[in-house]
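Given next are the chains, with one letter for each unit.
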Amino acid sequence: MKLEIARGIFLVAALGVASLAAAAWQEPHTQVLSVQDGACALPSQVGGRMQFRPDHDLLLFLFSLSQGRSPGH
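Model, not experiment: these values are computed from the prediction. (Residues numbered from 1 in each chain as written. Predicted model: local features only at pLDDT ≥ 70, side-chain atom pairs only at ≥ 80, totals over all residues. Heavy atoms only, no water.)

Engineer: Help me understand helix H2 (residues 56-67) in this model?
Structural biologist: At 3.6 residues per turn, the α-helix brings residues three or four places apart onto the same side. For H2, with 12 residues, the first-to-last C-alpha span of 17 Å sits near the 16 Å given by 1.5 Å per residue. Positive backbone phi, approximately 65°, marks Gly68, located one or two places after H2. (Helix = DSSP H or I, 4+ residues; strand = E, 2+ residues; numbered from the N terminus. Expected span 1.5 Å × (residues − 1).)

Engineer: Where do I start with helix H1 (residues 3-24) in this structure?
Structural biologist: Compared with an ideal rise of 1.5 Å per residue, which puts 22 residues at 32 Å, H1 spans 31 Å between its outermost C-alpha atoms and is within 8% of the ideal. Here H1 lies mainly on the outside; zero of its 22 residues are buried. (Buried < 20%, exposed > 50% of the residue type's maximum accessible area, 1.4 Å probe, protein only.)

Engineer: Explain a nonpolar patch on the surface here, please?
Structural biologist: Taken together, the side chains of Leu58, Leu59, Phe61, Leu62 and Leu65 define a hydrophobic patch exposed on the protein surface, amounting to about 490 Å² of accessible area. Checked against the element boundaries, Leu58 lands in helix H2. A residue is classified by how much of its surface remains accessible, and Leu58, at 43% relative accessible area, is partly exposed. (Patch = residues over 30% accessible without salt bridge, like charges linked within 9 Å, V, L, I, M, F, W, Y side chains within 5 Å. Areas by Shrake-Rupley, 256 points an atom, 1.4 Å probe, with all protein chains shown as cover. Salt bridge = Lys/Arg side-chain N within 4 Å of Asp/Glu carboxyl O.)

Quick look at the structure:
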């Protein structure tokens with residue numbers, strides 16, 4: 001097989017894969033959740049019955065992640 005033909009086939013295959021990847025790409029988008037027909041948008045397990053207490057270790061971890069490192073270090 002000539003080198004030019006092999007290059008052409010490779011280029012067509014690469015463009016095909018890139019086209020399929022672009023077609024399958026899904027960006028997250030905003031969407032409005034609404035309550036219709038009396039249906040609740042929240043899962044049935046979430047309600048006023050559950051008491052949540054903050055996990056201080058998790059809060060400290062999130063705080064440390066938000067601080068980050070300065071670019072000079």
